[in-house]
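Structure assessment
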Amino acid sequence: MDSISPLSNQTTTTTSSSSDLSRRKRRKKSPPSPPPSLEKWRSEKQQQIYSTKLVHALRELRISQPSPNPNGRAVREVADRALAVAARGRTLWSRAILSKAVKLKFRKHKRQRIANPALTQPVIATGSLRSKKQTVMRIKAKGLPAVQRKVKVLSRLVPGCRKQTLPVVLEETTDYIAAMEMQIRAMTALLSAVSSPTEHEEEGQTHVLG
């Protein structure tokens, strides 16, 4: 009986090791689950929330501006602001967009309060300072390695990521791209919903004329 027990122990150890190997293989084969932020921006519920916020913001823009057709820049700012509100300020890029909107609103009110144009600062000096800063930044960027240069460019494209580290920039970029994709889907759906009744009316008029 004592001679049989080591063999049984060996068989149990081999079976357990083979089961462990199979489990490891299954874990390796299973695809990695996407981050929760990507799943949130890809959901239909989030797209509906953003669409309602965008429609409300566009209505306010049309009421505030006297021109019947607002320019593309104003529409873009409103769409980005609604996207940042939909993100609830949980990311750096959403907080940067919301803070920029507050600053622009404050500057607009300040310009309206100032009656004398001589009190305003000259635009030439600020423009020259900005151009000098841009040239200095370009000279500094030339001395950096290629990877750091690309990271620097990427951090400038994503709002609120200019002075962040590489992991933070990559995380914010992933979330920002997913949010922008959802924005494009929502705006395309709204555009098709707005333009479809006019197309049907034009088709009915052509049939009547024919």
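You'll find the structure just up there.
Residues numbered from 1 in each chain as written. Predicted model: local features only at pLDDT ≥ 70, side-chain atom pairs only at ≥ 80, totals over all residues. Heavy atoms only, no water.

Despite not being glycine, Arg88 has its phi angle at roughly 65°, a positive value. Relative to the elements of secondary structure, Arg88 occurs in the loop between helix H4 (72-86) and helix H5 (92-113). In this structure Arg88 comes out as exposed when scored by relative accessible area, which is 62%. (Helix = DSSP H or I, 4+ residues; strand = E, 2+ residues; numbered from the N terminus. Buried < 20%, exposed > 50% of the residue type's maximum accessible area, 1.4 Å probe, protein only.)

Let's shift gears to the packing of helix H3 (residues 44-64) against H4. Contact geometry of H3 with H4 gives a least axis separation of 9 Å together with a crossing angle of 140°. Looking at the two axes, H3 sits oblique to H4. Crossing of H3 against H4: the hand is right-handed. When H3 is examined against H4, the residues Gln46, Tyr50, Lys53, Leu54, Ala57, Leu58 and Leu61 are found in contact with a partner set consisting of Ala74, Val75, Val78, Ala79, Ala82, Leu83, Val85 and Ala86. For the contact of H3 with H4, the class distribution of residues is 13 nonpolar, one polar and one charged. (Axes fitted to C-alpha atoms, helices over the stretch in contact; angles between N-to-C directions. Parallel < 35°, antiparallel > 145°, perpendicular 65-115°, else oblique. Left-handed = near helix turned anticlockwise from the far one by under 90°. Contact = heavy atoms within 4.5 Å. Nonpolar A, V, L, I, M, F, W, Y, C, P; charged D, E, K, R; others polar.)

Position of Tyr176 among the secondary structure elements: in helix H8 (residues 166-209). Expressed as a C-alpha distance, the spacing of Tyr176 and Ser94, which sit 82 residues apart in the sequence, is 8.6 Å. Once residues lying within four places of it in the same chain are set aside, the contact partners of Tyr176 are Trp93, Leu157, Val158 and Pro159.

Under the definition given, this model contains two salt bridges. When the shortest N-O distance is used, the salt bridge between Glu77 and Arg73 registers 3.7 Å. Taken together, the residues Glu77 and Arg73, both in helix H4 and four residues apart, mark about one turn of the helix. You can call Glu77 partly exposed: its relative accessible area is 30%. For Arg73, a relative accessible area of 64% corresponds to the exposed category. (Salt bridge = Lys/Arg side-chain N within 4 Å of Asp/Glu carboxyl O.)

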